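Below are the chains, spelled out letter by letter.
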Amino acid sequence: MKGSYIKIFLSTIIFSLLFSPVSSAQSKHSLTKVVIDAGHGGKDPGAVGLKAQEKNIVLDVALRLGKLINDSLPDVTTIYTRDKDVFVPLNERATIANKSGADLFISIHANASVDKKIFGAESYVLGLHRSKDNLEVAQKENAVIVMEDDYTSKYEGFDPNSPESYIIFELMQNRYLDQSIMMAINTQKYFTSSNREDRGVKQAGFLVLRQTSMPSVLVELGFISNAQEELYLNSEEGKAELALSLYNSFKSYKEQYDGSNNISVIQDEEVKPNAKSDIGLCYRIQVATVSDPSKVNVSDEFGPVKVITEDGKHKVLIGREPSYDNAQRLLKQIQTKYADAFISAFFDGEKISVRQAKKKESTKK
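The model shown is predicted, which means the values in this text are computed figures rather than measured ones.

**Some points on the overall build of the protein chain**
Stage number 1. The secondary structure content of the protein chain amounts to 13 helices and 11 strands.
Stage number 2. Within the protein chain, buried positions represent 52% of all 365 residues.
Stage number 3. Expressed as a percentage of contacts within the protein chain between residues at least 6 apart in sequence, the contacts between residues at least 24 apart total 79%.
Stage number 4. Taken as a whole, the protein chain presents about 16800 Å² of accessible surface, with 53% of it coming from carbon and sulfur.

Here is the structure:
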């Protein structure tokens, strides 16, 4: 049975390699279409917390992400696999992406664990899981197929609970692995910059990624099984921050992908040195990353402008606020001009995480 199963899967792969739609990534030099996939939906709630359900959280974040892209990147078309609470089979999600000729597929999920202490965000690309934890995540996300009619025929006898079934992912050649990893790395970077615990980029056998003919990433926003993280995932602030992090990662990926979406800055004043001392705790708003700091000209209408170099990149920061609350108010103003701006924190001139800064701030009260 095992041998015949692998033969069936191999023939499926060969067919998809020869006859699947060619991604626009191969024929274009710019990213113009993205498919946003909100996991689960309808009769499938996904992971369930004390109060929230995965299907509702990820749909909210998906729609927010789409709006940010639509508002800020008019050259990009966003396509949803679902934009309301409906059940969409995994293979149909891939079909939607393939028929659209999309350049990128982003599948959004929330995780759960029997260990209620685990928290943090992680990103997956298609591949063979190298750890038991990765296998368990893939099994949970793939288990939805049992809710579909005639799933044994549609998925060639695939059993989401059988480790044997996942042998096929070792045999698959992901033509878009490098680009998928690039998007996943960007996603984790921006999650980290907005206080999310970084659980890294991983590989696992997800059916929803298996049939997409384009770079694809599956994002686990956090653990709904962790009571504190569930509150964050289900809050308006949390969902807004998560969507913004995904938008920033998408924007960065697009810049790497086609080089056509560089952030423009207001060209009316020279960059001014910080007017205040860097001693102590402060929050600034990052608005851009540029290649040549000598050519950055940004208005100081929102506060003093500063350029720092980090990991070989030059980052443009505006403002200097003593508290997180003040920084949030400034961020809202700045985002009217820089939609993908976000808060950064510093202590005695050194960059620290916003989470660390908020802890330092709370100890002073």
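Still more ground to cover, so stick around.
**Here we look at the packing of aromatic side chains**
Stage number 1. Using the criterion set out here, one finds 3 aromatic pairs in the structure.
Stage number 2. Relative to Tyr 257, the ring of Tyr 253 lies with its centre 5.7 Å away and its plane at 40°, an arrangement referred to as tilted. Placement of the pair is Tyr 253 and Tyr 257 together in helix α11 (residues 236-258), with a separation of 4 residues, close to one helical turn. Each member of the pair, Tyr 253 as well as Tyr 257, carries the same accessibility label: buried.
Stage number 3. The cationic tip of Lys 43 hangs over the ring face of Phe 87; the distance from NZ or CZ to the ring centre is 4.8 Å.
Stage number 4. A cation over an aromatic ring shows up here: Arg 284 above the ring of Phe 346, its NZ or CZ 5.8 Å from the ring centre.

**Here's the deal with the sheet that holds strand β9 (residues 313-321)**
Stage number 1. Here 5 strands make up an open sheet; going across it, the order is β8-β9-β7-β10-β11 and the pairing antiparallel. Only two strands of the sheet have a single partner each, and these edge strands are β8 (305-310) and β11 (350-352). Between one strand and the next, the sheet's axes are offset by a mean angle of 45°, whatever the strand orientation.

**Some words on the confidence of the model for the protein chain**
Low-confidence regions, as indicated by low pLDDT, have predicted coordinates that should not be scrutinised in detail.
Stage number 1. Here the protein chain averages 76 in pLDDT, and 70% of its residues register 70 or above.
Stage number 2. Note that pLDDT drops below 50 for residues 1-28; the model gives that stretch 42 contacts with residues more than four away or on any other chain.
Stage number 3. Across residues 260-277, where pLDDT falls below 50, the model places 47 contacts with residues more than four positions away in sequence or in other chains.

**Section: the pairing of strand β4 (residues 121-126)**
Stage number 1. Burial analysis of β4 places 6 of its 6 residues in the buried class, which makes it a mostly covered element.
Stage number 2. By the bridge criterion, 3 bridges tie β4 to strand β6 (residues 216-223) in an arrangement that is antiparallel. Looking at β6, one finds that Glu 122 is bridged to Glu 220.

**Observations regarding the nonpolar core**
Stage number 1. Core analysis: the largest hydrophobic core is formed by 37 residues, its most contacted members being Ile 69, Ile 106, Ile 108, Leu 221 and Phe 250.
Stage number 2. When residues of this core are traced back to their parent elements, those giving at least two are β1 (33-38), α3 (54-72), β3 (104-111), β4, α8 (177-193), β6 and α11.
Stage number 3. The biggest single contributor to this core is α11, with 8 residues.
Stage number 4. With near-sequence residues (within four places) excluded, Phe 250 lies in contact with Leu 31, Val 34, Ile 69, Leu 73, Val 76, Leu 104, Ile 106 and Met 183.
Stage number 5. Listed in part, the 22 residues of the second largest apolar core include Ile 285, Val 305, Ala 341 and Ile 352.

**Some thoughts on the sheet that holds β3**
Stage number 1. Strand order in the open sheet made by the 6 strands is β2-β1-β3-β6-β4-β5, with mixed pairing throughout. In the strand order of this sheet, the two ends are held by β2 (77-80) and β5 (198-204), each with one partner. Each adjacent strand pair in this sheet contributes to an overall mean axis angle of 20°, direction not counted.
Stage number 2. Sheet analysis places β1 next to β2, joined by 4 bridges and oriented parallel. Across the sheet, residue Val 34 finds its bridge partner in β2, namely Thr 78.
Stage number 3. Sheet strands in contact with α3 are β1, β2, β3 and β6, and its direction is about 145° off that of β3.

The rules behind the values
- Counting restarts for each chain: residues are numbered from 1 in the order of the written sequence.
- Per-residue local features are limited, in this predicted model, to residues with pLDDT of at least 70; the limit for side-chain atom pairs, both in listing and counting, is 80 or more; totals at the level of whole chains, interfaces and linings are taken over all residues.
- Calculated side-chain values reflect all of the structure's heavy atoms, with hydrogen atoms and water omitted.
- A run of DSSP states H or I qualifies as a helix once it reaches four residues; a run of E qualifies as a strand once it reaches two. Both are numbered from the N-terminal end.
- Exposed residues in this analysis have more than 50% of their type's maximum accessible area, buried residues have under 20%, and partly exposed residues fall in between, with area computed by a 1.4 Å probe over protein chains only.
- Whether two residues are in contact is decided by their heavy atoms: any pair within 4.5 Å suffices.
- Throughout, the Shrake-Rupley method with a 1.4 Å probe supplies accessible areas, and for residues the shown protein chains are the sole cover considered.
- Only Phe, Tyr and Trp rings take part, Trp by its six-membered ring, and two of them pair if their centres are within 6.5 Å. Stacked means planes under 30 degrees apart, edge-to-face means over 60, and tilted covers everything else.
- Here, a charge over a ring means that NZ of Lys or CZ of Arg falls within 6 Å of the ring centre while also lying within 35 degrees of the ring normal.
- Here the rule is simple: two strands pair whenever DSSP picks up at least two bridges between them.
- Orientation is described by lines fitted to C-alpha atoms, with helices fitted over the stretch in contact, and by angles between N-to-C directions that extend from 0 to 180 degrees.
- Confidence scores labelled pLDDT are given residue by residue by the predictor and lie between 0 and 100.
- As used here, the term nonpolar core means buried Ala, Val, Leu, Ile, Met, Phe, Trp, Tyr and Cys residues forming a set that is joined through side-chain atoms within 4.5 Å.

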